[in-house]
Amino acid sequence: MPASSVTLRRLGIAGVCLVSLALCCGLAWWQWERFSSASGTFQNLGYVLQWPLFGLFPAFMFWRIRKLRRQAAEADTPEQTAETVAPEVPAPRRRRAPEPAPSAPEDDELAAYNKYLRELNARDK
């Protein structure tokens, strides 16, 4: 990538971050005015505290993406020592199905109900 496009991209990112912060600080000021008015509530005060954080979020995300890209680039270098190589992960063990519980003897009422259900099922077919 040419140096001019990298610089232009960085300026664009910085511009988006600044516009976001300015817009959200304006919204925080608006919520402070609402909180200070006679009809203001504590919900407005909560928004006063949240809006600046929303404004800083794009800058945080760009910083985080840049940090992750640097870590990925460092991990791709061929200089891996024995300490940096990930240990082998053992294969997962197969789980056995639980043994079925011994069935209790069926009482007469349950047997009659099951017979009735079988008859209904046979009629539907």
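In what follows, the structure referred to is the one given above.
Things to note about the overall build of the protein chain
On a plain count of helices and strands, the protein chain comes out with three helices and zero strands. Going from N to C terminus, the protein chain has its helices and strands arranged as α-α-α. For 125 residues, the compact-globule estimate of 2.2 N^0.38 gives 14 Å, and the C-alpha radius of gyration of the protein chain, at 33 Å, exceeds that figure by more than 25%. With respect to the three principal axes, the spread of C-alpha positions in the protein chain is 80 × 65 × 30 Å. Looking at the protein chain as a whole, 7% of its 125 residues qualify as buried. Element-wise, carbon and sulfur atoms account for 62% of the exposed surface of the protein chain, whose accessible area totals about 11700 Å². Computed over 16 positive and 13 negative side-chain charges, the inter-centroid distance for the protein chain is 12 Å.

Calculation rules
- Residues numbered from 1 in each chain as written.
- Predicted model: local features only at pLDDT ≥ 70, side-chain atom pairs only at ≥ 80, totals over all residues.
- Heavy atoms only, no water.
- Helix = DSSP H or I, 4+ residues; strand = E, 2+ residues; numbered from the N terminus.
- Rg over C-alpha atoms; globule rule 2.2 N^0.38 Å.
- Buried < 20%, exposed > 50% of the residue type's maximum accessible area, 1.4 Å probe, protein only.
- Areas by Shrake-Rupley, 256 points an atom, 1.4 Å probe, with all protein chains shown as cover.
- Lys, Arg positive; Asp, Glu negative; His and termini not counted.
- Charge placed at Lys NZ, Arg CZ, Asp CG, Glu CD.

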